[in-house]
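# Survey of secondary and tertiary structure
So you can see what is in the structure, the chains are spelled out below.
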2 protein chains.
Amino acid sequence: MASSTGNDVILLAHGDGGLLTHRLLEKYFLPRFDNELLHQLTDAASFPVKPGHMAITTDAFVVDPIFFPAGDIGKLAVCGTVNDLAVSGAKPLYLAASFIIEEGFPLASLERIVASIAKTCSEAGVAIVAGDTKVVGRGQADKIYITTTGIGYLLPEARLGYRRIEPGDCIIINGPLGNHGLSVLLERESFDMDAGIVSDCAPLNGMTERLIRQFPSVKFMRDLTRGGFATNAKEIALQAAVDLRLDEKSIPIDDNVKGITDILGLDPLYLANEGKFLAIISKKEAGKAVDLLQNEFSCTKSCIIGTIDAGKGDVFLKTELGGTRRLNMLTGAPLPRIC
Amino acid sequence: MASSTGNDVILLAHGDGGLLTHRLLEKYFLPRFDNELLHQLTDAASFPVKPGHMAITTDAFVVDPIFFPAGDIGKLAVCGTVNDLAVSGAKPLYLAASFIIEEGFPLASLERIVASIAKTCSEAGVAIVAGDTKVVGRGQADKIYITTTGIGYLLPEARLGYRRIEPGDCIIINGPLGNHGLSVLLERESFDMDAGIVSDCAPLNGMTERLIRQFPSVKFMRDLTRGGFATNAKEIALQAAVDLRLDEKSIPIDDNVKGITDILGLDPLYLANEGKFLAIISKKEAGKAVDLLQNEFSCTKSCIIGTIDAGKGDVFLKTELGGTRRLNMLTGAPLPRIC
């Protein structure tokens, strides 16, 4: 529950569409999100379209806590939606942002979140063009929830789809896994274990666009958010009706993440990431794609982590001890509100 | 707070992106929202675009109670977003829907809401093409919140904007005011006053498209939701830098709404509507536009309610007693969670 009281907090009347709603927009939102499109129409923003294909995606963000190491719910809401478009082969352009705020939420926190949204939009090259704010009573939300919807053009070079995945393809990844989920968990539970773990939350559209434009054999991409790497790998295997064969010792996991997940009994392969994706690409181009990520995007730990095999939807992990472990979807061990 | 317990309710694990999330989608959402676009991509839906202008809008719906006479939060979420596009001069096409659900929410209620969304989409001629579901713990939301984002093409004939409004124009309305807000309020507070008042929640895009296509002098439209007619009228007056002169006795308000708002001390001009809009149109075409709404859309109480005058942003209501009342934005009398 939001904890402040007084005049520096969100009131129910901020959400009633009347005078306080207008003042909230004018003071907190419009100056930060200012762009041409936001002001064109009253109930909707309009933008010119050229022939092609557009993509749309939406996500609600309910992360707890709303501020965590190297990120916050605002940054997350932009990155999450930008990244869903990015791994779909689209160039993100416009976002709509909708806020559900608990009565009593500090305006200073709102200001900080809105600033973070604006900064992340600028980094990702997208604009907030439409928005909405609703206020609910104390105990009817936990501080603030944000839904972002994004649209953009599909890159003409993008030819992504489960059907293109075939045996012999390589699976590459842009960096180490588990940092976001673990950093949020540690912050939430106030574990006294500050090992310097920070969220990897970041927009990925710069990388995905370069990969798609440069390597025609990029066949599929997926950001590794809810359910973590393992759940997403399993879903890809099932949908593409192939097996994924992964090599545990090649999957990058930072030492501090490994250490703490070992202590807590968590598997980093099931922790959410907010700045990591996998790409499935021909064997011929996989090495070059990794080179690009390492050299031009500072993804020093980017690497090939496995290959596609003929099969029926299994994900096999060759463990460091030489055994084989079958990965399935996350089940029965919920880490709620990680994004 | 959601009240059911047991296996027939939403669990935290339904929102973790794992197995239960997939089952929820496959059992409850996909069959109802089934359309070509929903299945194309994994993280985003794509659709072809032709040259022109598109419009986008987003709204969070937090109405309490979630089921009310002649509507529910699902129907409202579709109508609200469709109508924002409609009054902006756009033809709504695609919706993205994002759900934040409280742990323990009955699956039967979710099913009912999803069915209502599907039915309303069908009535409005729009398709759900993207979605998301998050689950938060008990007491971290009040049952269910839905954010819908809509996109569509601006009608080529649409020339809407504050700047086109000029003295002498007429203000028309498609029917009686206050029914939605009052019906929700009566349902929420369990007043023992069932006067048969039902929400007016309905998609307006059929009417707005006909008006725009048929009458070149449609200069501005606005749906009369949060803040009610009065708040929206005041905002239009301010933004267009004109005065609105309204005739109280011509503003349609149903007798039962008038009776109950009198008893409760509420002003129907400040109650939210979800199926009402005003249009500002030249004097020459105003009567014909009203005829169209009355004859072809069964808006029997549609009428001209006032005119535009030179001014600086005032809304003057000529009362039935012959006096003049100045209308301002809603302030200090919040009716939270009306939409």
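Residues numbered from 1 in each chain as written. Chains lettered and ligands numbered in written order. Predicted model: local features only at pLDDT ≥ 70, side-chain atom pairs only at ≥ 80, totals over all residues.

What follows is about the relation of the copies chain B and chain A. Superposing chain B onto chain A takes a rotation of 180 degrees plus a shift of 0.0 Å along the axis, which leaves an RMSD of 0.0 Å. The superposition operator between the copies reduces to a two-fold rotation axis. For chain B, the minimum C-alpha distance to the rotation axis belongs to Ala141 of chain B and amounts to 2.2 Å. Most of the interface of chain B is mirrored in chain A, where 100% of its interface residues again form contacts. (Least-squares fit on C-alpha atoms with pLDDT ≥ 70 in both. Contact = placed C-beta atoms within 7 Å.)

On to the domain arrangement of chain A, then. All names here are of chain A. When its domains are assigned, chain A resolves into domain 1 (12-154) and domain 2 (162-327). Taking only C-alpha atoms, the centre of domain 1 and the centre of domain 2 are 28 Å apart. Taken together, the contacts link 22 residues of domain 1 with 22 residues of domain 2. Breaking the side of domain 1 that touches domain 2 down by element, the ones donating at least two residues are α2 (73-87), β5 (90-102) and α3 (107-124). (Domains from an automatic or database assignment. Helix = DSSP H or I, 4+ residues; strand = E, 2+ residues; numbered from the N terminus.)

Read from one edge of the open sheet, five strands run β6(A)-β5(A)-β7(A)-β2(A)-β1(B), paired in mixed fashion. Across the chains shown, the open sheet's two edge strands, defined by having one partner strand only, are β6 (127-136) of chain A together with β1 (45-49) of chain B. For this sheet, the mean inter-axis angle between neighbouring strands, taken without regard to orientation, is 20 degrees. Direction of pairing for strand β2 (residues 52-61) of chain A relative to β1 of chain B: antiparallel, over a ladder of five bridges. (Pairing = 2+ DSSP bridges. Axes fitted to C-alpha atoms, helices over the stretch in contact; angles between N-to-C directions.)

A word on the sheet that holds strand β10 (residues 242-247) of chain B. Residue and element names in this part refer to chain B. Strand order in this open sheet of seven strands is β9-β11-β8-β12-β10-β13-β14, and the pairing throughout is mixed. Each edge of the open sheet is held by one strand with a lone partner, namely β9 (218-223) and β14 (324-327). Across the sheet, the axes of successive neighbouring strands diverge by a mean angle of 25 degrees, strand direction being ignored. Bridge analysis of strand β13 (residues 315-318) against β14 gives four bridges, and the strand direction is antiparallel. Across the sheet, residue Lys318 finds its bridge partner in β14, namely Thr324. Strands in contact with helix α6 (residues 228-240) are β9, β10, β13 and β14; relative to β10, the strand with the most contacts, it is inclined by about 150 degrees.

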